[in-house]
Amino acid sequence: MAFFKITLIRSGIGMTKKQNGVLAALGLRKRMSIVYHAVTPDIAGKIMKVKELVTVSETEFSETKQEIRARRSPPKGWVVEN
Amino acid sequence: MLQRILRPSVLRPVAALLRPATAAFSTASPLRNLAQETVAPATPAAPIATAPIETPAAVEADPSISLLPLLRLQGAHYITVHINGFPFLVTKGDQITLPFRLKGVSAGQTLKLTHASVLGSRDYTLKGNPYINPEIFSCKATVIEETAEPMRIKEKTKRRNRHVKKVRSKHSYTVVRIKELEVLDV
């Protein structure tokens, strides 16, 4: 199953209410936030509404917010021995 | 906006102690990087839930392993350990005040430090890519205490406005001492 990986590159501050509404519908809150959505015509239409603010790529997998955070965070580097 | 920080005159604790100057000189050619095999972050079907785990290549397979005994035989070693992603250049006996609180840890416990990017002695330096094979070294630290910085107060105000907002900060720090640093016989 294909997914859109959508990254908010331009902030929604100063954009129209409609565009901010679309960003909220996509789940994009802050700049550089990443969200995965299935490839469907309605998601594609939302992307087209905010295409100037957003970078999109297609992937085979999707990640939750927790998974993205875990992937990006550095290894702890320590283990408690006793 | 006017800002004033009120802080006691005691200096804030620094994150790491500096190594003596002798460690900076490396007259011999440094060891080539021990190649680390990196696992591709996420296969399309099953993304992993943790940070990318690097499976180290077999220690015996790397050609630079021939210089490891020379590194091992030199007495004084230093290491750049990475704790929660922060690098600290330390040697045995150093006490470091981490600029954060280690969660799930209490005073007196021993920690095994597993991630290091540089391990060196006077004439030899081993650099990881980005981390050194953990089979090569053993670095242990003891948690000394959980303390906090002195309270600092940031005053925020605007011109021609008598209201002053005071923001108080007192971050927790964990103090740790390096008890053991050994280059193992591989």
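Residues numbered from 1 in each chain as written. Chains lettered and ligands numbered in written order. Predicted model: local features only at pLDDT ≥ 70, side-chain atom pairs only at ≥ 80, totals over all residues. Heavy atoms only, no water.

1. Here's the deal with the environment of Gly75 of chain B
Operational definition: Numbering of helices and strands runs from the N terminus; a helix is a DSSP stretch of H or I covering at least four residues, while a strand is a stretch of E covering at least two.
On the secondary structure map, Gly75 of chain B appears in the loop between helix 1 (68-73) and strand 4 (78-83). On a C-alpha basis, the gap between Gly75 of chain B and Glu145 of chain B in space is 29 Å, while along the polypeptide they are 70 residues apart.

2. What to know about the interface of chain A and chain B
For clarity, the threshold we go by: It only takes one pair of heavy atoms within 4.5 Å for two residues to be counted as in contact. Summed over both partners, the accessible area (1.4 Å probe) lost when two parts come together is defined as the buried area. Definition used for salt bridges: Asp or Glu carboxyl oxygen within 4 Å of a side-chain nitrogen of Lys or Arg. Pairing of N or O atoms within 3.5 Å defines a polar contact, subject to two protein rules: one partner must be a possible hydrogen donor and the other a possible acceptor, and residues neighboring in sequence count only if both atoms are side-chain atoms. Only strands joined by at least two bridges in the DSSP assignment are considered to pair.
Between chain A and chain B, the contact holds 17 residues from the first and 25 residues from the second. Roughly 1700 Å² of surface becomes buried between chain A and chain B when both sides are summed, with 59% attributable to carbon and sulfur atoms. When the buried area of chain A at its contact with chain B is split by residue, Pro75, Trp78 and Glu81 of chain A rank highest and sum to 33% of it. The interface formed by chain A and chain B includes one salt bridge. Glu81 of chain A is the salt-bridge partner of Lys140 of chain B, the closest N and O atoms lying 3.6 Å from each other. Scanning the region where chain A abuts chain B turns up six residue pairs in polar contact (both at pLDDT 80 or more). Elements that contribute at least two residues to the side of chain A that touches chain B include exactly helix 3 (65-72) and strand 4 (78-80) of chain A. For strand 4 of chain A and strand 7 (residues 110-113) of chain B, the ladder comprises three bridges, and the chain directions are antiparallel. Bridge pairing in strand 7 of chain B places Val79 of chain A opposite Lys112 of chain B.

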